[in-house]
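Architecture at a glance
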Amino acid sequence: MKILIVNPNTTASMTAKIAAVARVTARADTEIVAANSKNGPPSIQGFLDVATCVPGLLTEVKQHSDIDAIVIACFDDTGLDALRCMVPVPVLGIGEAAYHAASMIATKFSVITTLARSVPGLENNLMRYGLSQKCVRVRATDIPVLKLEEGNPATLSRIRDEIRSAIVEDRAEAIVLGCAGMADLMAQLSDEFGVPVIDGVAAGIAFAEALVNTGLSTSKIGAYAAG
């Protein structure tokens, strides 16, 4: 099985981190192909970035053939509907995957994301997926996406503070990490806080493998019909 995990932004260091997490998660017989857009914003933080990165994302995906599934490594699930129309294989967004994973292991969860301007888009997606009632709150750390690439201890401390508040104030039973740039923190934070901390990259790869293994793909008789 070959899975393409594609980062819609142009930051190669983030793509490398995403690829490492995907390969650790994937089965031994799954090949992970990681790529990022060549044109577009260096990070995706709000509605404008979501819109401007889609052309580069679609162009990048066209460069890859002979794949069994695609995972979009942006928590906004950028370009998800467009790619489902464009290709015959299953396409998953890491936000969608993480929310569904959280809903299956906890009665309620909170999301820890980056900037406050990203919150409305994530809340819109939760409503679209029918999971807004299970999400207690989407919390912004006010950490820019690219700051996550620096490995600054103060950045991790801020994420920890929001997780702590989500458990105490929101009474969240699980935490969803709301940015692909946080993908490498899942195991560490799960152990530290004693609750499931869910990364969408890992969830997306696992769900993609499951769909391929069961022979399921995107329906093409309605909204996702090829143009």
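Our subject is the structure that appears above.
This one's a predicted model, so the numbers in the text were calculated from it and none came from an experiment. (Residues numbered from 1 in each chain as written. Predicted model: local features only at pLDDT ≥ 70, side-chain atom pairs only at ≥ 80, totals over all residues. Heavy atoms only, no water.)

Positive phi values are uncommon outside glycine, yet Asp66 reaches one of about 55°. Mapped onto the secondary structure, Asp66 falls in the loop between α2 (47–62) and β3 (69–72). (Helix = DSSP H or I, 4+ residues; strand = E, 2+ residues; numbered from the N terminus.)

Glancing now at the packing of helix α1 (residues 12–25) against helix α8 (residues 200–213). Where α1 contacts α8, the axes come no closer than 9 Å and their chain directions differ by 45°. One finds that α1 runs oblique with respect to α8. Along this stretch, α1 crosses α8, giving a crossing that reads as right-handed. Facing Ile18, Val21, Ala22 and Thr25 of α1, the residues of α8 in contact are Val201, Ala202 and Ile205. (Axes fitted to C-alpha atoms, helices over the stretch in contact; angles between N-to-C directions. Parallel < 35°, antiparallel > 145°, perpendicular 65-115°, else oblique. Left-handed = near helix turned anticlockwise from the far one by under 90°. Contact = heavy atoms within 4.5 Å.)

Within strand β5 (residues 109–113), five of the five residues are buried, which leaves the element mostly enclosed by the surrounding structure. Burial along β5 is two-sided: the face carrying Phe109, Val111 and Thr113 and the face carrying Ser110 and Ile112 are both buried. Alignment of β5 against strand β6 (residues 135–140), held across five bridges, turns out to be parallel. Among the inter-strand pairings, Ser110 is bridged to a residue of β6, identified as Arg137. In this fold, β5 hands off to helix α5 (residues 119–128), which returns the chain to β6; that crossover is right-handed. In the sheet, β5 pairs with strand β7 (residues 174–177) via four bridges, with the strands oriented parallel. (Buried < 20%, exposed > 50% of the residue type's maximum accessible area, 1.4 Å probe, protein only. Pairing = 2+ DSSP bridges. Right-handed = clockwise from strand over helix to strand, strands pointing away.)

Attention now goes to the environment of Ile72. The residue Ile72 is located in strand β3 in this model. Separated by 23 residues in the primary sequence, Ile72 and Gly95 have C-alpha atoms spaced 8.9 Å apart. Once you skip the residues sitting within four places of it in the chain, Ile72 turns out to touch Val6, Pro8, Thr78, Gly79, Leu80, Leu83, Val91, Leu92, Gly93 and Ile94.

Here we have four strands laid out as an open sheet, ordered β2-β1-β3-β4, and parallel in their pairing. Bordering the open sheet on either side are β2 (31–36) and β4 (91–93), each of which pairs with just one other strand. Looking at each pair of strands side by side, their axes are set apart by 20° on average, direction ignored. Bridging between β3 and β4 involves three bridges; their strand directions are parallel. Residue pairing for β4: Ile72 is matched across the bridge by Gly93. Packing of α1 onto the sheet brings it into contact with β1 (2–7) and β2, and relative to β2 it is tilted by some 165°. On top of the sheet, helix α4 (residues 94–105) reaches β3 and β4; it is set at about 75° to β4, its chief contact.

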